[in-house]
Amino acid sequence: MEEKIKAFMDEVKARNGHEPEFIQAVQEVAETVIPYIVQHDIYHGKNILLRMVEPERLISFRVAWVDDAGEIHVNRGYRIQMNSAIGPYKGGLRFHPTVNASVLKFLAFEQVFKNSLTTLPMGGGKGGSDFDPKGKSDDEIMRFCHAFMTELCRHIGPNTDVPAGDIGVGAREIGFLFGMYKKIRNEFTGVLTGKGLSWGGSLIRPEATGYGTVYFADSMLKTKGESFNGKKVVISGSGNVAQYAAEKVLQMGGKVLTLSDSSGYIYDKDGIDSDKLAFVMDLKNNKRGRISEYADKYASASFHKGETPWKVSCDIALPCATQNELNGDDAAILIKNGCIAVAEEANMPSTPEAVHAFHDAKILFAPGKASNAGGVATSGLEMSQNSLRISWTREEVDERLKGIMAGIHDACIQYGQEEDGYCNYVKGANIAGFVKVADAMLAQGVI
Ligand SMILES: NC(=O)C1=CN([C@@H]2O[C@H](COP(=O)(O)OP(=O)(O)OC[C@H]3O[C@@H](n4cnc5c(N)ncnc54)[C@H](O)[C@@H]3O)[C@@H](O)[C@H]2O)C=CC1
Ligand SMILES: O=C(O)CCC(=O)C(=O)O
C-alpha cells in the first residue's frame, strides 16, 4: 500500500512540486483514500484520484486599481475551478498577501470533499487575490473589489461557479463584488453567497461556519458522553468564524478563554462572555482594530504578542484562523494539558505532525473539511432560496444546518470507525467525500 501511495504522490509532486500546501492536502487524502480504492473494484483502472487533483480550470488575471492617493497598484487574481462532477463550482474568495496558486489549490481541493459531504449539489472551487485589505479605506476596498469582478464575472454564474467569502472577504466585500457583477452582466442572480439579507442573502449564513463546527464538535463529544457545558475552550482567530464559534460555545455553556489575530493572542482568565464578545465583534467588524485592544479594555485579560494560544490549558481547542497554525509541538502541549477534543474551523490549521499526534493520543479530532462544512452548506441553502425566490426563517435554516452537520458526523463514523472503536474522522471525511464525487465522475465518463 505504501508503495502505491508513494507512486501516486511522486506523480503529483512531479507536476506540483513547488506547491507545498497543495501537496500537504493531497498527501492526507491519498493516505486514506488509496487503500479504499484498492479495496473497491469499480474504481480500478480509472485514475479517479489523479483526475481529481488536476483542476478543471485555473484562471489567473491582473487586477489593477487606484488607491486614495491616486497611485496605481497591481495584484494577481485567481479562480481555481477544481471539480464540477456533482454541481457548479462553489467556494470562497480569499484576499490576503499569502494567497498564491498553492494555497488556493489546497483550498479548492479540500472544498471538493467538503461540499460533497454536505450532500448538497455543489462542486468545488476557490479563488482570491494577494491583495492585503489591512489598512485600506472602504473606498479602496470598493475599487479593488470592482476591478477584481470586472474579470471574474466572465467565469462565474449561478449555474457555473458561485463564490463566497473567506479570509479578508466578508459582507462588505461581497456587496461590492455583487454590485459590479450585476452591473456588467445586467442580471440579478444568486451568483455569490453571503449576500446581505435585503438582496438575496440567507439568515444564519454569517453564523454558519462557527455554529456548524460547534454542532459537529458537540456530536463528537456526545460519543464520549461529554458536552460543551462547563468546558474550557481555546479559540484562535477573531474573524467571522472565530466570533460565531465563540457565540455558540457560550450558548452551550462553555467558557471561551482566548482569541487571536496575526499579532498575537489574548487570554481572559474570567472568560470571554457575550458582552466582551460584542466588543470583539465591533472591534474587528467595524473598527477593524487589533485584538491587543481587548487586553487594554479588560483587566482580566493579557496579550501575548506574536504567540499562538495553544499553551493555554483547555478541554477543547477550536483553531479558527489559518492553515498550519497548530504544529506538532502545539499538539503535544494540548494533549499534555488534558485537551479531549480539537475541531478545525479553519481549513487545514493543523500540520500533519499535529494530526498524527492527536490520532496517536486517540483524542477526538475533526478535520476542517468535515467540521467547518456548515458555512458552505448554508451557502448551498442560500442558493436554494435564491432559486426558489423565497427566504426561510432563522429557525428553519438553523435546523437544516444542524441536520447537515449531524449527517456529516454520521458519514465520518460510517467510513472512519476503526476496529478498536476509535473514529478516525480524517479517514471518514475523506472517503465519504470521495465516494460521491468519484461515482459521479465514473457515471460521466473520461472528461
Ligand atoms: N468564512 C467562512 O464561511 C469559512 C471560513 N473558513 C476558514 O476559516 C478561517 C478563518 O476565516 P474567516 O473567519 O472567514 O476569515 P476572517 O478574515 O474573518 O478572519 C480571519 C482571522 O484569522 C486571523 N489570521 C489570519 N492570518 C493569520 C495568521 N497568520 N496568524 C494568526 N491569525 C491569522 C485574522 O487575524 C482573523 O482573525 C480560514 O481558514 C477560512 O478558510 C472555513 C469555512 C468557511
Ligand atoms: O460558502 C462558501 O461558498 C465558501 C465557504 C468556504 O470557502 C469554505 O468552506 O472554506
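Definitions and limits used
Residues numbered from 1 in each chain as written. Chains lettered and ligands numbered in written order. Predicted model: local features only at pLDDT ≥ 70, side-chain atom pairs only at ≥ 80, totals over all residues. UniProt positions renumbered as here; feature names shortened; annotations may be inferred. Near = placed C-beta within 6 Å. Helix = DSSP H or I, 4+ residues; strand = E, 2+ residues; numbered from the N terminus. Nonpolar A, V, L, I, M, F, W, Y, C, P; charged D, E, K, R; others polar. Pairing = 2+ DSSP bridges. Axes fitted to C-alpha atoms, helices over the stretch in contact; angles between N-to-C directions. Contact = placed C-beta atoms within 7 Å. Buried ≥ 20, exposed ≤ 12 C-beta atoms within 10 Å, placed from the backbone.

The protein is annotated in an unreviewed UniProt entry as Glutamate dehydrogenase of Flagellimonas sediminis. The UniProt entry for the protein carries the following comment under Subunit (unreviewed entry): "Homohexamer." According to the UniProt record, the Sequence similarities (unreviewed entry) comment for the protein is "Belongs to the Glu/Leu/Phe/Val dehydrogenases family."

Draft legend 1. How the structure looks around the site of ligand 2. Taken together, 13 residues lie near ligand 2, and Gly92, Ala164, Asp166, Val376 and Ser379 sit nearest. Broken down by secondary-structure element, the contributors of at least two residues to the shell around ligand 2 are strand 3 (89-95), helix 4 (101-117) and helix 14 (374-388). Looking at the shell around ligand 2 residue by residue, the class counts come to 2 nonpolar, 8 polar and 3 charged.

Draft legend 2. The arrangement of the sheet that holds strand 12 (residues 364-366) in detail. A sheet is described by the order of its strands in space; here 7 strands give the open sequence 9-8-7-6-10-11-12, paired in mixed fashion. In the strand order of this sheet, the two ends are held by strand 9 (301-305) and strand 12, each with one partner. Across the sheet, the axes of successive neighbouring strands diverge by a mean angle of 15 degrees, strand direction being ignored. Against the sheet, helix 7 (residues 205-222) touches strand 10 (316-318), strand 11 (341-343) and strand 12, its axis set at about 150 degrees to strand 11.

Draft legend 3. Inspection of the environment of lysine 297 at higher detail. Its place among the elements puts lysine 297 in helix 10 (residues 292-297). Judged by C-beta crowding, with 11 C-beta atoms within 10 Å, lysine 297 ranks as exposed. The sequence separation of lysine 297 and lysine 276 amounts to 21 residues, and the corresponding C-alpha distance is 9.6 Å.

Draft legend 4. Local environment of the UniProt feature "active site" (unreviewed entry) in the protein. In the numbering used here, UniProt assigns the feature "active site" (unreviewed entry) to Lys126. Here lysine 126 lies in strand 4 (residues 124-129). Given 31 C-beta atoms within 10 Å, lysine 126 falls into the buried group. In contact with lysine 126, not counting residues within four places along its chain, are Ile80, Gly91, Gly92, Leu104, Leu107, Ala108 and Gln111.

Draft legend 5. Highlighting the sheet that holds strand 1 (residues 57-66). Pairing is mixed in the open sheet, where 5 strands are placed in the order 1-2-4-3-5. Edge positions in the sheet fall to strand 1 and strand 5 (161-164), since each has one partner strand and no second. Mean inter-strand twist for the sheet, computed between neighbouring axes without regard to direction, equals 20 degrees. Along the sheet, helix 4 makes contact with strand 2 (72-83), strand 3 and strand 4, crossing strand 4 at roughly 150 degrees.

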